[in-house]
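Here is how the chains run, residue by residue.
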Amino acid sequence: MNGEPEPISPEARRALAQELGDLQAERESVAETLQVTDSAGDRADQADELQRASEVARLDARIAEITTRLHQADLAGRPRTDAVGVGSTVTVRFADGTTETVQIGEVANELEQTSVTADSPLGRALLGRRPGETVHYDTPEGSASATVDSIT
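Here the structure is a predicted model, which is why all the values come from computation and not from measurement.

This brings us to the packing of helix α1 (residues 10-32) against helix α2 (residues 43-76). With their axes 9 Å apart at the nearest point, α1 and α2 run at an angle of 155 degrees to one another. Our classification of the angle between α1 and α2 gives roughly antiparallel. Like other packed secondary-structure pairs, α1 and α2 cross with a definite hand, here left-handed. Here the residues of the contact of α1 with α2 are counted per class, giving 11 nonpolar, two polar and 11 charged.

As structure tokens, this is what we get:
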């Protein structure tokens, strides 16, 4: 990850767009409960109001983060298919002969089961590799290897 806008996979884009929609709906719901009155209320009311205002601020921050990330992804264009990069969908063959198709993402929660973060041992090993290249990386169980079968 070089500081330049990074692409994201179509699946990651859909997941972020879904999260954005959910957050916007939640924000609207919480914001509607905020009081717009001049009365001070009791301390419990004030504490509750402060908590809801804090929740709106948290939601606003995440909404801004996702909006920025989607904009950056638009600037970056489609994920690479010539070499593994952030946003790539990669099919790898492990030393035991099994294959798995994974998404190279920035964060693990972009996708649920098939994501590999770019800063994980496997993700770091795959970045920049091309089909046919074998990578070696460390796991908690020891050294492992995998060969890039394809990039889509």
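Let's pick the thread back up.
Applying the stated criterion across every chain yields a total of 11 salt bridges. The salt bridge partner of Asp-60 is Arg-27, with a shortest N-O separation of 2.4 Å. Taken as a pair, Asp-60 in helix α2 and Arg-27 in helix α1 lie far apart in primary sequence, 33 residues in all. Residue class for Asp-60 comes out partly exposed when judged on its relative accessible area of 32%.

Looking now at α2. Here α2 contains 34 residues, and its C-alpha end-to-end distance of 49 Å stays within 8% of the 50 Å for a straight helix at 1.5 Å per residue. Buried-residue contacts for α2 involve α1. Just downstream of α2 lies Gly-77, where phi reads positive at about 85 degrees.

Turning our eyes to something else, we now look at the side chain of Arg-52. Here Arg-52 shows up in helix α2. Judged by its relative accessible area of 15%, Arg-52 falls in the buried class. Engagement of the side chain of Arg-52 in a polar contact is seen with the side chain of Glu-49, the distance being 2.5 Å.

Glancing now at the side chain of Thr-89. You can see Thr-89 is positioned in strand β1 (residues 89-94). By relative accessible area, Thr-89 is classed as buried at 12%. Here the side chain of Thr-89 touches Gln-103 through a polar contact of 2.9 Å, side chain to side chain.

A rise of 1.5 Å per residue sets the reference length of α1, with its 23 residues, at 33 Å; its end C-alpha atoms lie 33 Å apart and thus fit the reference within 8%. The set of residues buried in α1 consists of Ala-12, Leu-16, Leu-20, Leu-23 and Val-30. In this fold, the buried residues of α1 make contact with α2.

On to the nonpolar core. Counting 17 residues, the largest nonpolar core has Val-84, Val-90, Ile-104, Leu-122, Leu-126, Val-135 and Tyr-137 as its most contacted members. Only β1, β2 (99-105), α3 (121-126), β4 (134-139) and β5 (142-151) provide two or more residues apiece to this core. Among the nonpolar cores identified, the runner-up in size contains 12 residues, and Leu-23, Val-30, Ile-63 and Leu-70 belong to it.

Calculation rules
Residues numbered from 1 in each chain as written. Predicted model: local features only at pLDDT ≥ 70, side-chain atom pairs only at ≥ 80, totals over all residues. Heavy atoms only, no water. Axes fitted to C-alpha atoms, helices over the stretch in contact; angles between N-to-C directions. Helix = DSSP H or I, 4+ residues; strand = E, 2+ residues; numbered from the N terminus. Parallel < 35°, antiparallel > 145°, perpendicular 65-115°, else oblique. Left-handed = near helix turned anticlockwise from the far one by under 90°. Nonpolar A, V, L, I, M, F, W, Y, C, P; charged D, E, K, R; others polar. Salt bridge = Lys/Arg side-chain N within 4 Å of Asp/Glu carboxyl O. Buried < 20%, exposed > 50% of the residue type's maximum accessible area, 1.4 Å probe, protein only. Expected span 1.5 Å × (residues − 1). Contact = heavy atoms within 4.5 Å. Polar contact = N/O pair within 3.5 Å; in protein donor to acceptor, adjacent residues only side chain to side chain. Core = buried A, V, L, I, M, F, W, Y, C linked by side-chain atoms within 4.5 Å.

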